[in-house]
Amino acid sequence: MTSLRHLTSTLLLATGMLFLAACGDSNARVTLKLTDAPGDGIEKAVVTISKVYLKGSVDGKEDGKGDVVLLSEPVTTDLLTLANDTADLVKDAEVPAGTYKELRFVITGGYIQVKQDGASRIFATSRDYAGLPDGAQVDGDLQMPSASSSGLKVKFDKDADVTVTSDDDQKVILVDFDVAQSFGKEAGGSGKWVMRPIIKGADLEFSGNVEVSLEAGDVSLPLGPAQLSSFSAVLINADGSRETMSLTASTATRYVADFKFLLPGTYQVDLVGPEGVTFSTDLTRPATATVGSGAEANVDFVLTSFDVK
């Protein structure tokens, strides 16, 4: 996959992966990738990541003495471009053998573009933030508490440490930056926005996907099976964040949406039909999907009615 050095504005708010591969007597190589769950109503979520480092103990040293810097050259990226995808942020960084408790992202600036009162408005960390588009009008402030000092903490799945050994097979850690949960308006009616990131990490070998399918069954559709393409699948995580994906043809009569790079856990799955239509399915909606170790969860809907209002 192309390095993020060549994708400085093509990432999303959400997340990544670590590849840990053997590289000598005491070091391993690490590649960091990001992925994201999009946020409703947020059109852009641009951040400048100035530093990424692993925090923990190395060869018995106390925490804080074994920090390993993975990225020290600033990268500016729109996190929203990573939905259902990943992109490289760090490639083949050498990491000494040891135990690491968390990743930290130091973010030194950013802006979000949101839909408010029928217009797109920009909230930025400063009026002269270098990542702003030319001629952009800043409508308000975006605050990032502690993001530029101690950095944003990324805990690994179930708060487990990650141990790197010199003879490791390749390991992958997925970091998911949840946009919908990470940005919100400041309390008190000030009009400011605050970024309090929700970021989670897990071994990619334990990540999975949810495939959602829809078939017409015995229901007659005005446009035939192709009308199923006007439906969308909705995935809802445990925090209530929603991701919507259009259904596309898998066969002539079966349409699917595949949500990839998901952390282990339980998700709710729903369908959205075309405007002006009421419909029902054989499964009660929302249905439940449980993502397990490297496995695919399937939610298969069949239409039982389709009525145009």
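Residues numbered from 1 in each chain as written. Predicted model: local features only at pLDDT ≥ 70, side-chain atom pairs only at ≥ 80, totals over all residues. Heavy atoms only, no water.

Peer 1: In this structure, what is going on with the overall build of the protein? I would like to understand it.
Peer 2: Helices and strands together make up the secondary structure of the protein, namely one helix and 24 strands. Counting all 309 residues of the protein, 49% fall into the buried class. For the protein, the proportion of contacts with a sequence separation of at least 24, taken over those separated by at least 6, is 71%. Accessible area for the protein stands at about 14,100 Å²; split by element, carbon and sulfur atoms hold 46% of it. (Helix = DSSP H or I, 4+ residues; strand = E, 2+ residues; numbered from the N terminus. Buried < 20%, exposed > 50% of the residue type's maximum accessible area, 1.4 Å probe, protein only. Contact = heavy atoms within 4.5 Å. Areas by Shrake-Rupley, 256 points an atom, 1.4 Å probe, with all protein chains shown as cover.)

Peer 1: Please explain the side chain of Ser50 as it appears in this structure.
Peer 2: For Ser50, the location among the structural elements is in strand 3 (residues 42-57). Residue Ser50 is classed as buried on the basis of its relative accessible area of 16%. At 2.6 Å, the side chain of Ser50 forms a polar contact with the side chain of Thr108. Excluding its chain neighbours within four sequence positions, the residues that come into contact with Ser50 are Leu71, Ser72, Glu73, Pro74, Val106 and Thr108. (Polar contact = N/O pair within 3.5 Å; in protein donor to acceptor, adjacent residues only side chain to side chain.)

Peer 1: I keep staring at unusual backbone geometry and nothing clicks. Help me out?
Peer 2: Comment: phi is negative for the bulk of residues other than glycine, and the bulk of peptide bonds are trans. A cis geometry characterises the amide bond from Arg285 onward to Pro286, with omega recorded as -5°. Position of Pro286 among the secondary structure elements: in the loop between strand 22 (277-281) and strand 23 (287-291).

Peer 1: Help me understand the packing of aromatic side chains, please; the structure alone is not making it clear to me.
Peer 2: Given two aromatic rings, their pairing is described by the distance between the two centres and the angle made by the two planes. Overall, the coordinates contain four aromatic pairs when judged by the stated rule. Measuring from ring centre to ring centre gives 5.9 Å for Phe123 and Trp193, while their planes differ by 45°; the resulting arrangement is tilted. Of this pair, Phe123 sits in strand 8 (residues 119-124) while Trp193 sits in strand 14 (residues 193-195); the two residues are 70 residues apart in sequence, bridging distant segments of the chain. By relative accessible area, which is 4% here, Phe123 ends up buried. Connected via pairs of aromatic rings, a cluster forms that spans Phe231, Phe279 and Phe306. For Lys51, the ring lying beneath its charged end belongs to Tyr53, and the centroid distance is 4.8 Å. (Phe/Tyr/Trp six-rings, centres within 6.5 Å; stacked < 30°, edge-to-face > 60°. Lys NZ or Arg CZ within 6 Å of the ring centre and 35° of its normal.)

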